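Residues per chain, in single letters:
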Amino acid sequence: MIKIGIIVGSTRPGRNGEAVARWVHDHAVRRGDAHYELVDLKDYDLPHLDEPLAAATGVYEHPHTKTWSDTIDGFDGFVFVTPEYNHSTTGALKTAIDFLFAEWHDKAAGVVGYGVSGGVRAAEHLRQVLGQVKVADVQAAVELLMHADFEDFTTFKPAAHQEDMLSKLLDQVVSWSKALRPLRM
C-alpha cells in the first residue's frame, strides 16, 4: 500500500499547523486508499545543517540525520502543511528538506498552506525547493486563509469547500505516488 507522510512544517510554540495536519490526516485516513502518517518536525529536533558532507553524498554522521533519513525514505509521497512566514515556508521545513537528498527523489507531494493570503507564496517557494530534490508537486492545493478558516486567527475551523480541495489534493498525491513508485524500485 502507498505510504503518505503528512509533514507538519512548523515548530513554533502555539502553531496552527498541528491542527491543520490533524484535519488532513483525519480526512485522509477515512479514504482507505493509502497509509497516512503524521510526521511532526518538532519530534525530530533537527539543528541547522550540521553534517560535514553534502546530503547528495548520502553519508550521514549524526543520529538525528539517520533517523530523519529512515523516516523520509519510507514514504512514497507527502502532504506538506506549511504556514507562510515572510513570503516563504518555515526555516525548520527548509532545513528538514536540505538535510536529505536521495530520500526525496521520485516521490509526489501536495501542499496545504495557511496564512493571511492562504500560504500561496510559501507553497510557491516550497514547490521550487521540492523540485530541486526531485519531488513532483501536484497541481491541486489547499489555501487556508487566516481570516476565513481560523476563528480569531487561532482556532482552526476550515470553510466547507476546503474539504473538497483537500480531496482533490489527496487524489493527485496518491495517484502520482503510485505512478512514481516504480522509478524507485
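What you are looking at is a predicted structure, and each value in this text was computed from that prediction instead of being measured. Within every chain, residues take consecutive numbers counted from 1 along the sequence as written. Thresholds applied to this predicted model are a pLDDT of at least 70 for local features of residues and 80 or more for the giving and counting of side-chain atom pairs; totals over whole chains, interfaces and linings are not thresholded and use all residues. Heavy atoms from the whole structure form the basis of all side-chain values; hydrogens and water molecules are not counted.

1. Section: the pattern of salt bridges
Now for step 1: Whenever a carboxyl oxygen of Asp or Glu lies within 4 Å of a side-chain nitrogen of Lys or Arg, that contact is scored as a salt bridge. Following the criterion strictly, the structure yields 13 salt bridges and no others.
Now for step 2: Measuring nitrogen to oxygen at the nearest pair gives 3.3 Å for the salt bridge that ties aspartate 76 to arginine 181. Of the two residues, aspartate 76 sits in the loop between α2 (63-73) and β3 (77-83) while arginine 181 sits in the segment after α6 (161-180), which places them 105 residues apart along the sequence.
Now for step 3: Between aspartate 106 and lysine 134 there is a salt bridge whose closest N-O contact spans 4.0 Å. Residue aspartate 106 is located in the loop between α3 (91-98) and β4 (107-115), and its partner lysine 134 is located in the loop between α4 (120-132) and β5 (135-145); the two are separated by 28 residues in the primary sequence.
Now for step 4: Among the residues examined, lysine 134 registers a relative accessible area of 43% and is labelled partly exposed.
Now for step 5: One continuous salt-bridge network, built from bridges that share partners, spans Arg15, Glu18, Arg22 and Asp40. Starting at the N terminus, helices and strands are each numbered in turn, a helix being any DSSP run of H or I of at least four residues and a strand any DSSP run of E of at least two. Between buried and exposed lies partly exposed: a residue is buried under 20% and exposed over 50% of the maximum accessible area for its type, with that area taken using a 1.4 Å probe on protein chains only.

2. Topic: the pairing of β5
Now for step 1: Two strands pair when backbone bridges link them, and β4 and β5 are joined in this way by 8 bridges, in the parallel orientation. Looking at the pairing, tyrosine 114 lines up with leucine 144 of β5.
Now for step 2: Think of it like this: strands point away, you trace from the first strand over the helix to the second, and a clockwise trace means the crossover is right-handed. In this region the chain leaves β4, passes through α4 and returns to the parallel neighbour β5; the handedness of that crossover is right-handed. A pair of strands counts as paired when DSSP detects no fewer than two bridges linking them.

3. Comments concerning the sheet that holds β4
Now for step 1: Read across the open sheet, the 5 strands follow the order β2-β1-β3-β4-β5; overall the sheet is parallel. Both outer strands of the open sheet, β2 (35-40) and β5, are each paired with one neighbouring strand and no more. Across the sheet, the mean angle separating the axes of adjacent strands is 20° when strand polarity is ignored. A fitted line through C-alpha atoms represents every axis, and for helices the fit uses only the stretch in contact; the resulting angles, taken between N-to-C directions, go from 0 to 180 degrees.

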